[in-house]
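Structural overview for review
This is what each chain is made of:
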Amino acid sequence: MKLGYFPGCTLKTNAKHFEDSAMQVMEVLGHPLEEMENWICCGTVFSMTTDDLMLQLSSIRNLLRAENQGYDELVTLCSMCYNTLKRAKEFILNDEENLRKVNDFMYREEAKFKGTTDVVHLLSILKDRITFDEIKKKVTKPLKDLKIGAYYGCLLVRPKELAIDDFEDPTIMEELVDTIGGEGVVFPYRLECCGAYQTITEKDITVKRTFEIINSARNAGCEALITSCPLCAFNLDQRQKETSEEFLEFSTMPVFYFTELMALALGQKWNKEWKKLHYINPVPLLKEKGLI
Amino acid sequence: MSLKITRERIKNSLVDKIEDISGQNVFDCYQCGICSSGCPVTDYMDYSPNQVIRLIQLGCVDEILNSRTIWICSTCLQCSARCPKGIEVAKVMEALRTINLRQREGTLKPEDIKSKDLKDLPQIALVSAFRKLTG
């Protein structure tokens, strides 16, 4: 079974610490990530129109290239890449006419798209392939006394056909937190939209969403949030600036990618460069818990 | 809100177009309202998601095509996941945006984004907004 890694745009820039820490984690777990060649934009958001195949082309081109490079599975870290690639694949494969038409665009590719490469999120690899029991054996610095809220957002659990866990009551990320020695805290707003790309046109909405989501986590006892989506991370972390200005009673909370905390628990050193990519400084909390 | 419902209005070709682009049958909706109760951004909408479906059933497509609601929807898919009749409401919203976008009527003009914001915003935010909101 050959695994390929699909990074996507933001993993190379604003979410570089997500990629770095995931690489470290998979190295320690004995399954190093191998980046596929010649990847392009995943499509970012799945187009739900039934009649416009142009909007599916970049997703399908990536999947075709992964197929041609011999990967059985394509692993993504970003929730949006996972969702977009997987839905595009289902949409095209479920209709022979779509499959024929989309292949008409693939002139310069080596072969035709057949849909043989599966799209899998890293969390599923950790749970189903490596297993949490195995991960637990490699934990050298458990996240003792750290209460963490897992923010799933939308795209790991909806649409329900491709949810990585139960679409209304997932536990995979909380189980992961427990595995690395922390306390996974369930909070009410963990599956609610952060406002996504409204962060550009309707900033007020994302500011209010951030306020509500982080307050909900705080009231449930969380000290930090984890996520796997760079857009959620941007809204929930960077938008705390505006949230603090808008809501005087608001108190801030660090937001991590789940792999950052995994890397620490697996004995990896905290990379000082990562701090620059956080808006809310996570260092005081990590120091308080004796993790760095 | 009062509406004059006529046979011509209900037999509107735009309703067919919405059903065609979305692949959804809006006439399956029996107005339980679960889509609106789960939607996290109804506060910002002029019509709630169940009202959007009802107005399409009544052929009042112009009201909806010009509404704020369709641009506020961020396709989080909560409505689609919960609809007891299996209507993917988010796909209907996408069809409504699409009809506007195909006439070059979007809500985001790339040149309006401030250069400071451009520096701060990750690609994932920019590209997704362009795909959903730019005609």
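Every chain begins its residue count from 1, and numbering advances along the sequence as written. Labels follow written order: the first chain is A, the first ligand is 1, and so on. Per-residue local features are limited, in this predicted model, to residues with pLDDT of at least 70; the limit for side-chain atom pairs, both in listing and counting, is 80 or more; totals at the level of whole chains, interfaces and linings are taken over all residues.

**Things to note about the environment of Ser13 of chain B**
Residues and elements named next belong to chain B. Just so we agree on the cut-off: For the purposes of this entry, the term helix denotes a DSSP run of H or I that reaches at least four residues, the term strand denotes a run of E that reaches at least two, and both are numbered from the N terminus. Put plainly, a residue is buried at 20 or more neighbouring C-beta atoms within 10 Å of its own, exposed at 12 or fewer, and partly exposed in between, counting only other residues' C-beta atoms, which are placed from the backbone.
With respect to the element layout, Ser13 can be found in helix H2 (residues 13-22). Classification of Ser13 by C-beta neighbours within 10 Å gives exposed; the count is 9. Along the sequence, Ser13 and Val61 sit 48 residues apart, while their C-alpha atoms lie 9.7 Å from each other.

**Some thoughts on the environment of Ala66 of chain A**
Residue and element names in this part refer to chain A. The condition is simple: The contact criterion used is a C-beta to C-beta distance within 7 Å, with each C-beta placed from the backbone.
Mapped onto the fold, Ala66 is located in helix H2 (residues 57-68). Overall, the presence of 26 C-beta atoms within 10 Å leaves Ala66 in the buried class. Considering only alpha carbons, one finds Ala66 and Glu245, 179 residues apart in sequence, at a separation of 45 Å. Excluding residues within four positions of it along the chain, Ala66 makes contact with Gly4, Met36, Tyr71, Leu74 and Thr117.

**Describing the interface of chain A and chain B**
Each partner contributes residues to the interface: chain A has 33 residues there, and chain B has 35 residues. Broken down by secondary-structure element, the contributors of at least two residues to the side of chain A that touches chain B are helix H8 (198-201), helix H9 (203-219) and helix H10 (230-238) of chain A.

**A look at the sheet that holds strand E3 (residues 118-121) of chain A**
Residue and element names in this part refer to chain A. Selection criterion: Between any two strands, pairing holds if DSSP finds at least two bridges. Angular values range over 0 to 180 degrees, each being the angle between N-to-C directions of two axes fitted as lines to C-alpha atoms, with helices fitted over their stretch in contact.
Spatially, the three strands line up as an open sheet ordered E1-E2-E3, and their pairing is parallel. Edge positions in the sheet fall to strand E1 (3-6) and E3, since each of these pairs with one other strand and no more. Strand-to-strand twist in this sheet, taken as the mean axis angle between neighbours without regard to direction, amounts to 35°. The pairing of strand E2 (residues 73-76) with E3 spans four bridges and is parallel. Along E3, the bridge assignment pairs Leu74 with Val119. Across the sheet, helix H3 (residues 79-93) touches E1, E2 and E3, and the angle it forms with E3 is around 155°. Each of E2 and E3 touches helix H5 (residues 122-130); the most contacted strand, E3, lies at about 85° to it.

**A word on the domain arrangement of chain B**
All names here are of chain B. Quick reminder of the rule: Domain delimitation in this document rests on an assignment produced automatically or drawn from a domain database. Any residue that is not Ala, Val, Leu, Ile, Met, Phe, Trp, Tyr, Cys, Pro, Asp, Glu, Lys or Arg is counted as polar, Gly included; the first ten are nonpolar and the last four charged.
Along its sequence, chain B is organised into domain 1 (7-103) and domain 2 (107-135). For domain 1 and domain 2, the distance between their C-alpha centres works out to 25 Å. Listed as interface residues are five residues of domain 1 and, on the opposing side, four residues of domain 2. It is helix H8 (residues 89-101) that contributes the most residues to the side of domain 1 that touches domain 2, three residues altogether. Taken together, the residues that form the side of domain 1 that touches domain 2 break down as two nonpolar, two polar and one charged.

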